[in-house]
Amino acid sequence: MSKIIKSFFSLLFLISFTASVSAADYNLRMTMNSNDQDEDYDGAVVFKNYVEAASNGKIAVELFVGTQLCSKGAECLQGVSDGSIDIYISTSGGAAGVFPYVQVLDLPYLMADDRIAEDVMQGDFVRTMRKMALKDSNDSIRLMTIGNTGGWRNFANTKRRIANPSDMKGLKIRTVVADLPQELVRALGASPTPIPWPELFTSFQTGVVEGSKNGITDIMNMKFPDAGLKYVTLDGHAYMGALWWMNNAKYESMSPDLKKVVTDGFYALQQATFASPKRKSIKAYEDFVAGGGDLYVPTPDQKASFKKEASPVYDWFKANVKGGKEIFNALTKAVAKAEKKASSAYKKDL
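Just so it is clear, the model here is predicted, and its values are computed rather than measured. Chains are numbered independently. Their residues run from 1 in the order of the written sequence. Two thresholds apply to this predicted model, a pLDDT of at least 70 for residue-level local features and 80 or more for giving and counting side-chain atom pairs, whereas whole-chain, interface and lining totals are computed over all residues. By convention in this description, side-chain values take in all heavy atoms of the structure and omit both hydrogens and water.

J.: Help me understand unusual backbone geometry in this model?
T.: Comment: phi is negative for the bulk of residues other than glycine, and the bulk of peptide bonds are trans. A positive phi is found at Tyr109, a non-glycine position, where the angle reads about 60 degrees. Looking at the element boundaries, Tyr109 is found in the loop between helix H4 (92-95) and helix H5 (114-120). Owing to a relative accessible area of 7%, Tyr109 belongs among the buried residues under this scheme. A run of H or I in DSSP counts as a helix once it spans at least four residues, and a run of E counts as a strand once it spans at least two, with each numbered from the N terminus. The buried label applies to any residue whose accessible area, calculated with a 1.4 Å probe on protein chains only, is under 20% of its type's maximum; exposed applies above 50%, and partly exposed to all values in between.

J.: Whenever I open this one, the pairing of strand S5 (residues 172-175) confuses me. Can you help?
T.: For a regular strand, the rule is simple: side chains alternate between the two faces of the sheet. DSSP bridges decide pairing: two strands pair if at least two such bridges lie between them. Across four bridges, the pairing between S5 and strand S6 (residues 191-194) is parallel. For Ile173, the partnering residue across the bridge sits in S6 and is Pro192. Handedness of a crossover: with both strands directed away from the viewer, a clockwise path from the first strand across the helix to the second marks it as right-handed. This β-α-β element, S5 to helix H7 (residues 179-187) to S6, shows right-handed connectivity.

J.: Just checking my understanding: could you explain the pattern of salt bridges for this structure?
T.: In a structure, side chains of opposite charge can pair up when their charged atoms sit close to one another. For this document, the term salt bridge refers to a Lys or Arg side-chain nitrogen within 4 Å of an Asp or Glu carboxyl oxygen. Scanning the entire structure with this criterion turns up 15 salt bridges. Close ionic contact of Asp136 with Lys322 constitutes a salt bridge, the shortest N to O distance being 3.8 Å. In this pair, Asp136 is assigned in helix H6 (residues 124-136) and Lys322 in the loop between helix H13 (312-320) and helix H14 (324-349), connecting sequence segments 186 residues apart. A relative accessible area of 33% places Asp136 in the partly exposed class. Looking at Lys322, the relative accessible area reads 56%, which means it is exposed.

J.: I'm lost on the state of the cysteines in this one. Help?
T.: The term disulfide refers to a covalent linkage connecting the sulfur atoms of a pair of cysteines. Disulfide assignment relies on a single distance test, namely cysteine sulfur atoms paired within 2.5 Å. Inspection of the entire model under this criterion finds one disulfide. Across the disulfide from Cys70 sits Cys76; the S-S distance is 2.0 Å. The sign of the S-S torsion, about 105 degrees, decides the handedness of the disulfide formed by Cys70 and Cys76: right-handed.

J.: Help me out: how do you make sense of the packing of aromatic side chains in this one?
T.: Describing an aromatic ring pair means giving the distance of the ring centres and the angle of the ring planes. Pairing of aromatic side chains here covers Phe, Tyr and the six-membered ring of Trp, requires ring centres within 6.5 Å, and sorts the geometry by plane angle: under 30 degrees stacked, over 60 edge-to-face, intermediate tilted. Tallying each qualifying case throughout the model produces eight aromatic pairs. Measuring from ring centre to ring centre gives 5.1 Å for Trp152 and Tyr239, while their planes differ by 75 degrees; the resulting arrangement is edge-to-face. Taken as a pair, Trp152 in strand S4 (residues 141-157) and Tyr239 in strand S8 (residues 231-247) lie far apart in primary sequence, 87 residues in all. Centre to centre, the rings of Tyr314 and Phe328 are 5.9 Å apart; their planes meet at 40 degrees, and the pair counts as tilted. In this pair, Tyr314 is assigned in helix H13 and Phe328 in helix H14, connecting sequence segments 14 residues apart. Site record: aromatic cluster; members linked through ring pairs are Phe99, Tyr101 and Trp245.

J.: Would you mind showing me how to read the nonpolar core here?
T.: As a rule of thumb, nonpolar side chains are buried together in soluble globular proteins. One finds Met111, Val120, Phe125, Met129 and Trp245 to be the most contacted residues of the largest nonpolar core, which totals 58 residues. Ranked by residue count, the leading element in this core is H14, at eight residues. Two residues form a contact once any of their heavy atoms are found within 4.5 Å. Beyond its immediate sequence surroundings of up to four residues, Val120 is in contact with Met111, Phe125, Val126, Leu331, Ala334, Val335 and Ala338. Ranked by size, the runner-up nonpolar core spans 22 residues in total, among them Met32, Ile87, Ala242 and Trp244. Joining through side-chain atoms within 4.5 Å is the link that ties buried Ala, Val, Leu, Ile, Met, Phe, Trp, Tyr and Cys residues into a set, and such a set is a nonpolar core.

J.: Is there a simple way to think about the packing of H6 against H14 in this case?
T.: Helix-helix packing: each pair is described by the crossing angle between the helix axes and the interaxial distance. Think of each axis as a best-fit line through the C-alpha atoms, taken over the contacting stretch in the case of a helix, with angles from 0 to 180 degrees between the N-to-C directions. Two elements in contact, H6 and H14, have axes whose closest approach is 9 Å; the angle formed by their N-to-C orientations is 165 degrees. When the axis of H6 is compared with that of H14, the two are roughly antiparallel. Judged by the sense of rotation from one axis to the other, the crossing of H6 with H14 is right-handed. Together, Phe125, Thr128, Met129 and Met132 of H6 and Glu326, Ile327, Ala330, Leu331 and Ala334 of H14 make up the contact between the two elements. Residue type decides the class: Asp, Glu, Lys and Arg count as charged, Ala, Val, Leu, Ile, Met, Phe, Trp, Tyr, Cys and Pro as nonpolar, and the leftover types, Gly among them, as polar. Split by residue class, the contact of H6 with H14 holds seven nonpolar, one polar and one charged. The cut-offs work like this: below 35 degrees is roughly parallel, past 145 is roughly antiparallel, 65 to 115 is roughly perpendicular, and the gaps in between are oblique. Note: crossing handedness is left-handed where the near helix turns anticlockwise from the far helix by less than a right angle, and right-handed where it turns clockwise.

J.: Hey, could you run me through the environment of Thr145 in this one?
T.: Along the chain, Thr145 turns up in strand S4. On the basis of relative accessibility, which here comes to 6%, the residue Thr145 falls in the buried class. What Thr145 contacts, discounting residues up to four positions off in sequence, is Val126, Ala242, Leu243, Trp244, Phe266, Leu269 and Gln270.

Structural data, given as structure tokens:
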């Protein structure tokens, strides 16, 4: 009897949900190639709840977690372009094949901390990237916001503590296929080895790779310490930006008041993804150390050494990536503005 009752209420919920979606003026299909423990999902839930409430039901949001609608960046962005997907979240690596200049987020040591990065991600830098992406997609793909997906990229490995750039020499470091991360690893004296994410655990076990560039929550969620990953250096070389894309035709078809609701929804989503990694990383760091992991924070001088060794990547990016110079200038200008703002605030607060 209890099973019958549960089935009845499940069916009732499904009918109610279907009716609410069909009653909406707009139904947004939102997909993320992650899971419900990820920062992306936290942001998506905040977006859904805000938009549906603030629009008084005129907009309904369907969340698709995992690879139900698409599995790879180019495929998913094509879905956004043709309208089969309304909203998609990608990493810079996931979108680099379509919009190569988004790799600017992978340039090392340009943003010092969350305060600077979060200021930058809420200003004209994002608008510049949006304008570039609209132009390159023939006005079909709109960048809505840049949040965070895992904190900061740090170097982690199975062999030894990395305190100085020289400690990187000879290590086989996993990268994505994109050129920029490989150039960075080479500049620091290590060997870049492109490996698909699902294969990384086994690659650590077998020694195919000895290190990676990841945030601590990804490291712990994927149980990489069980595969031999024991050393993490908190150099924070790159901000793990999450780019949220939307079908531009769908956005432009909305009335100004509903556009504002969607825009505000992405602001709420962004704030949720800024906060989520900070909270989740606390336990992740604790668990890593408790399991015997070696956690190292470079001194200011050591971090300056890393930046010096990695600096040739800036020139490579501007010279070799389409739109590289324009987006690099936009980022460094935004960083300088954010640093000036932070410095002024410190003078008042300290």
